[in-house]
Structure formats: structure tokens, C-alpha cells
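Listed here are the chains, written in short residue letters.
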Amino acid sequence: MARKREKKKFKLWKFILEAVLMIAIIVGIVLCIHFFCKIDEVEYKGDLGEFSAQEIASYMKKENIENTVWLWARSLIRHEYKMPMFEEYSVKMLSPHKVQIKAYEKKFKGEIKQSDQYYYFTNGGILMKLSSDRVKKAPRIVGIKVKKPTLYEKVVADNKKNFDEVCKVATAVGEYKFKVKKIVVDKKNELTLVTDKISAFIKNTDNLDRKLVSFNDIYKSIKGKKLKKTVLDMSVVDLDGGYTAKKK
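Right, let's walk through the structure included here. (Residues numbered from 1 in each chain as written. Predicted model: local features only at pLDDT ≥ 70, side-chain atom pairs only at ≥ 80, totals over all residues. Heavy atoms only, no water.)

### Considering the environment of leucine 212
The residue leucine 212 is located in helix 5 (residues 208-221) in this model. By relative accessible area, leucine 212 is classed as buried at 0%. (Helix = DSSP H or I, 4+ residues; strand = E, 2+ residues; numbered from the N terminus. Buried < 20%, exposed > 50% of the residue type's maximum accessible area, 1.4 Å probe, protein only.)

### A few points about the packing of aromatic side chains
Scanning the model with the defined rule gives 11 aromatic pairs in all. Consider the rings of tyrosine 176 and phenylalanine 178, whose centres lie 5.6 Å apart with planes at 15°: the pair is stacked. Between phenylalanine 215 and tyrosine 219, the aromatic rings sit 6.4 Å apart at their centres with planes inclined by 45°, giving tilted as the arrangement. Of this pair, phenylalanine 215 and tyrosine 219 both sit in helix 5, separated by four residues, roughly a single helical turn. The same class applies to phenylalanine 215 as to tyrosine 219, namely buried. Among the aromatic residues, those joined into a cluster by ring pairs are Phe51, Phe108, Tyr118 and Tyr120. One residue, arginine 74, lies across the ring of tyrosine 81, its end atom 4.0 Å from the ring centre. Here lysine 197 stacks its cationic end above the ring of tyrosine 219, 5.1 Å away from the centre of that ring. (Phe/Tyr/Trp six-rings, centres within 6.5 Å; stacked < 30°, edge-to-face > 60°. Lys NZ or Arg CZ within 6 Å of the ring centre and 35° of its normal.)

### Topic: the side chain of asparagine 216
Position of asparagine 216 among the secondary structure elements: in helix 5. The residues touching asparagine 216, leaving out its near neighbours within four places in the chain, are Tyr176, Lys177 and Phe178. (Contact = heavy atoms within 4.5 Å.)

### Comments concerning the layout of surface pockets
Here the largest pocket defines a volume of roughly 860 Å³. Lining of the largest pocket is provided by 34 residues; of these, Pro139, Lys179, Val180, Lys181 and Lys182 occupy positions nearest its centre. When residues of the lining of the largest pocket are assigned to their parent elements, the largest contribution, three residues, is made by strand 10 (residues 180-185). In terms of residue class, the lining of the largest pocket is built from 13 nonpolar, four polar and 17 charged. (1 Å grid on protein atoms, 1.4 Å probe; cavity = no way out; pocket = protein on both sides within 12 Å on 5 of 7 lines; lining within 4 Å. Points joined across faces, edges and corners; volume = space filled by probe spheres on them. Nonpolar A, V, L, I, M, F, W, Y, C, P; charged D, E, K, R; others polar.)

### Regarding helix 4 (residues 160-172)
The terminal C-alpha atoms of helix 4, which comprises 13 residues, lie 18 Å apart, in line with the 18 Å expected from a rise of 1.5 Å per residue. Of the positions making up helix 4, those classed as buried are Asn162, Phe163, Glu165, Val166, Cys167, Val169, Ala170 and Ala172. (Expected span 1.5 Å × (residues − 1).)

### Details of unusual backbone geometry
The backbone of aspartate 116 shows a phi angle near 60°, a positive value even though the residue is not glycine. Looking at where aspartate 116 falls in the secondary structure, it is placed in the loop between strand 4 (110-114) and strand 5 (117-121). Taking the relative accessible area as the measure of exposure, aspartate 116 reaches 61% and is therefore exposed. Phi angles above zero are rare outside glycine, and asparagine 189 is one such case at about 65°. Counting through the fold element by element, asparagine 189 comes out in the loop between strand 10 and strand 11 (191-195). Classification of asparagine 189 by relative accessible area gives partly exposed; the value is 38%.

### Some remarks on the pairing of strand 3 (residues 98-105)
With six bridges joining them, strand 1 (residues 41-46) and strand 3 adopt parallel strand pairing. Within the sheet, the bridge partner assigned to glutamate 43 lies in strand 3 and is glutamine 100. Both strand 2 (residues 86-95) and strand 3 contribute to a ladder of eight bridges, which runs antiparallel. In the strand pairing of strand 3, tyrosine 89 is matched with alanine 103. Hairpin remark: strand 2 followed by strand 3, antiparallel, with two residues in the connecting loop. (Pairing = 2+ DSSP bridges.)

### A closer look at the pattern of salt bridges
Between side chains of opposite charge, a pair can form when the charged atoms approach closely. Counting across every chain of the model gives nine salt bridges. Between glutamate 66 and lysine 38 there is a salt bridge, and its shortest N-O distance comes to 3.5 Å. Taken together, the residues glutamate 66 in the loop between helix 2 (53-62) and helix 3 (68-76) and lysine 38 in the loop between helix 1 (2-36) and strand 1 connect sequence positions 28 residues apart. We classify glutamate 66 as partly exposed; its relative accessible area is 38%. Taking the relative accessible area as the measure of exposure, lysine 38 reaches 26% and is therefore partly exposed. With its nearest N and O atoms 2.6 Å apart, the salt bridge here joins glutamate 111 to arginine 140. Of the two residues, glutamate 111 sits in strand 4 while arginine 140 sits in strand 7 (residues 140-142), which places them 29 residues apart along the sequence. Taking relative accessible area as the criterion, glutamate 111 reaches 0% and is therefore assigned buried. Bridged by salt links that share partners, the residues Glu41, Glu43 and Lys98 form one connected network. (Salt bridge = Lys/Arg side-chain N within 4 Å of Asp/Glu carboxyl O.)

Here it is as C-alpha cells:
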């Protein structure tokens, strides 16, 4: 009996020691990963070329995304850290201190130039980039002033209602083939789309889809034709598509 009890005690202590050893090994590995696998270099490839490796690295540092293994592992199980400039991204660990990020970037929907600065925003008016140089051809927004620019947050504009309408238009025109050069907000807070060939005074976002479909058809019909600069009055939807030039 005594022998059996001793044997049981031995097995119990052996199990406890093995468990403690295993926990110690796991803790050691976790601590090594945490303290020694810090991100020192980011290699970056974006599909649209709207962001640089330096911008991505700066954002990651600001958000305390600083461990190569955790960043790679979370990407592997599709539980990535939130990166507001991306639609989606993947991570490859090149070394304990270097990662490669490949991403599908969110497309800039518009730009505002103010005080020698370019402000680029995406859907919903979220500010994605500040630059002293023009880096991407996005529709120029005229008649809107930026009051408070904070990266990765919605632009605080001088007129919220106007800016919300501009964002709606800037997002919608991306679905069509005509290239919008400018979205102009005039002194009456009314909207005009400016393209390389013809412009459209749409006034507001009422029946926006119908207006844009009609404008797209008109734009295609004048392709290759030489025209004087014309502004169509599309403030009210014409079901027959019979829009006329806006009176000056």
C-alpha cells in the first residue's frame, strides 16, 4: 500500500513539474516574442500607390502595432489590426524585425486644396492624407473650407451639410466613366460637376442617381466632338433627358 501511495505521489509531482516546465517554456517564448520581435522596418506594396511605407509605419507606431509575430499571426487568422487606409491587407514576416504588407487601398474620392496643403478623403469624408504636393488626381472640391483636419477621422468643414452632399456626389461619380475634375459649391450652396468636356449644374443631391445616369449618357454621346464649354442645367430631373445649357 505504501509503495502504491509513493508511486501515486511521484506521478503527481512529475505531472506538476512537467506542467510547470511547459508553462515556463510557453511564457518564455511569449516574452521572447514580445520583447525581441519588434518592427524596425516595413516593406509596403499598395495597389493604388496612395500611401508610402513611411506613412504605414508611422500609423502602426502611433497605434502601438509594433510586434512582427503578432501582426503576422493576426493577419494569418483573418483577425487583422484595423488599418483605416486599407480595404484589406496581408502580412508576410521577412525577419523578426521586418514585415512586408500588401494592401488594397481605399480610393481617394476627393481633394481639397487649402493654404498650400492637399487634403484627400475617402467615403464618408474620412481624411486619409495630408500633403504639400498633389499626389493623386481626385476631383477637386471648390467652395469647402477645412476647419479641423485630423487624419483617419471625418473632415470638419466650414459647412457640414454642404460637405456631406459633396461626399455623396464624390462617391457616386466614381461609378461612372466620365472623369470629374471639380465639384464646385457656389455662394448659394449649390453644386456643379466640372469635366474636361461639359459641366452639369445639379444644384443638390435630390434624384442624384437619375441625374448622373443622364449626364453619363450625354457625356458618351459627345465623345470625340469639339464643343464650347457648356454647363447643363440639371437641377431638375428631365425624364426625357432634354437638358439645356444653363443661363449665365
